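Residue-level structure breakdown
Next come the chains, spelled out residue by residue.
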Amino acid sequence: AQKVTQAQTEISVVEKEDVTLDCVYETRDTTYYLFWYKQPPSGELVFLIRRNSFDEQNEISGRYSWNFQKSTSSFNFTITASQVVDSAVYFCALSEGFSGSNYKLTFGKGTLLTVNP
Amino acid sequence: GAVVSQHPSWVICKSGTSVKIECRSLDFQATTMFWYRQFPKQSLMLMATSNEGSKATYEQGVEKDKFLINHASLTLSTLTVTSAHPEDSSFYICSANSRDGGAVEQYFGPGTRLTVT
């Protein structure tokens with residue numbers, strides 16, 4: 001069975017600090033997708049990134065960056081120079097398989113990030 | 001990007017009544033939709049996978065007679081919470097798969113907050 005662990009329940013930082021959110025996953029499949037979503041207080045999930053299991057390149061998008069390491073089954077997310085608007089719950093998720101209709105996601109428990117001014 | 005809507009965005013009902021929540025893919029056809037439930041300060045838990053024209057597949061522990069799912073068309077899936085009780089109060093989120101060429105993308109609705117009094 002697949003499992004996603006986000007060990008950090010809550011993180012509090014001061015604006016402009018860098019912060020890394022950890023994600024460790026378990027799966028028996030060799031093909032899978034990993035995701036990060038942001039959930040602000042409004043509740044709507046905001047898609048941040050999808051990474052397939054064959055692509056271990058790190059990715060940077062503005063202040064966001066992701067580090068995918070299959071050797072440690074981790075997919076960590078770093079926010080550089082955090083801002084108050086980054087305050088939200090962040091979820092890491094896993095989907096086994098690459099295609100077809102069975103695309104259901106297993107979510108981690110989420111990390112509540114609070115960025116203080 | 002593709003848009004998934006949910007209606008209503010919030011609903012309050014009395015214990016013992018039934019509530020229907022709609023999930024629509026607005027600009028694409030979704031052969032598969034998913035229903036998730038999220039209790040306060042908790043993660044999203046998959047309830048069921050809904051395929052157009054066939055019976056939904058429920059996750060272990062989810063009562064199919066209590067949470068009726070109908071996927072009557074390629075753009076609409078409904079979740080009916082029958083004989084709702086206060087413990088059913090939760091945030092219900094749907095998602096829909098869209099196939100674009102060889103890739104499958106998943107889009108989330110904004111969620112429906114159900115409060116049972």
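Just above sits the structure.
**Focus: the overall build of chain A**
Across its full length, chain A holds 0 helices and 12 strands. Against the 2.2 N^0.38 benchmark of 13 Å for 117 residues, chain A shows a C-alpha radius of gyration of 14 Å, consistent with a compact globule. Principal-axis analysis of the C-alpha atoms gives chain A an extent of 45 × 30 × 25 Å. Long-range contacts, defined as pairs at least 24 residues apart, comprise 58% of the intrachain contacts of chain A with a sequence gap of at least 6.

**Some details on the pairing of strand S11 (residues 112-116) of chain B**
Residues and elements named next belong to chain B. Here S11 shows one buried face, formed by Thr112, Leu114 and Val116, and one open face, formed by Arg113 and Thr115. Strand direction decides the pairing type here: strand S2 (residues 10-13) and S11, joined by 4 bridges, are parallel. Paired with cysteine 13 across the strands is valine 116, a residue of S11.

**What about the state of the cysteines?**
The term disulfide refers to a covalent linkage connecting the sulfur atoms of a pair of cysteines. Counted under the stated rule, the structure contains 2 disulfides over all chains. The disulfide partner of cysteine 23 of chain A is cysteine 92 of chain A, and the gap between their sulfur atoms is 2.0 Å. The S-S bond linking cysteine 23 of chain A to cysteine 92 of chain A shows a torsion near -65°; that makes this disulfide left-handed. Separated by 69 residues along the polypeptide, cysteine 23 of chain A in the loop between strand S3 (19-21) and strand S4 (24-26) and cysteine 92 of chain A in strand S10 (residues 88-96) bring together distant segments of the chain. According to the relative accessible area criterion, cysteine 92 of chain A is buried, its value standing at 0%. Paired through a disulfide, cysteine 23 of chain B and cysteine 94 of chain B show a sulfur-sulfur distance of 2.0 Å. In this structure the cystine formed by cysteine 23 of chain B and cysteine 94 of chain B twists about its S-S bond by roughly 80°; its chirality is therefore right-handed.

**Details of the interface of chain A and chain B**
Across the boundary between the two partners, chain A contributes 17 residues, which contact 22 residues of chain B. Between chain A and chain B, roughly 1600 Å² of surface is buried when both sides are summed, and carbon and sulfur atoms account for 52% of that area. Across the contact surface, chain A and chain B share 0 salt bridges. Viewed at the interface, chain B and chain A are joined by 3 residue pairs in polar contact (both at pLDDT 80 or more).

**Digging into the pattern of salt bridges**
Per the counting criterion, the structure on display carries 5 salt bridges over all chains. Linking arginine 24 of chain B and glutamate 22 of chain B is a salt bridge whose minimum nitrogen-to-oxygen distance equals 3.4 Å. In this structure arginine 24 of chain B comes out as partly exposed when scored by relative accessible area, which is 34%. Via salt bridges that share partners, Arg51, Asp55 and Glu59 of chain A belong to a single interconnected network.

Calculation notes
- Residues numbered from 1 in each chain as written.
- Chains lettered and ligands numbered in written order.
- Predicted model: local features only at pLDDT ≥ 70, side-chain atom pairs only at ≥ 80, totals over all residues.
- Heavy atoms only, no water.
- Helix = DSSP H or I, 4+ residues; strand = E, 2+ residues; numbered from the N terminus.
- Rg over C-alpha atoms; globule rule 2.2 N^0.38 Å.
- Contact = heavy atoms within 4.5 Å.
- Buried < 20%, exposed > 50% of the residue type's maximum accessible area, 1.4 Å probe, protein only.
- Pairing = 2+ DSSP bridges.
- Disulfide = S-S within 2.5 Å.
- Buried area = accessible area lost by both parts, 1.4 Å probe.
- Salt bridge = Lys/Arg side-chain N within 4 Å of Asp/Glu carboxyl O.
- Polar contact = N/O pair within 3.5 Å; in protein donor to acceptor, adjacent residues only side chain to side chain.

Honestly, that's just the spatial picture; any functional story needs more than this.
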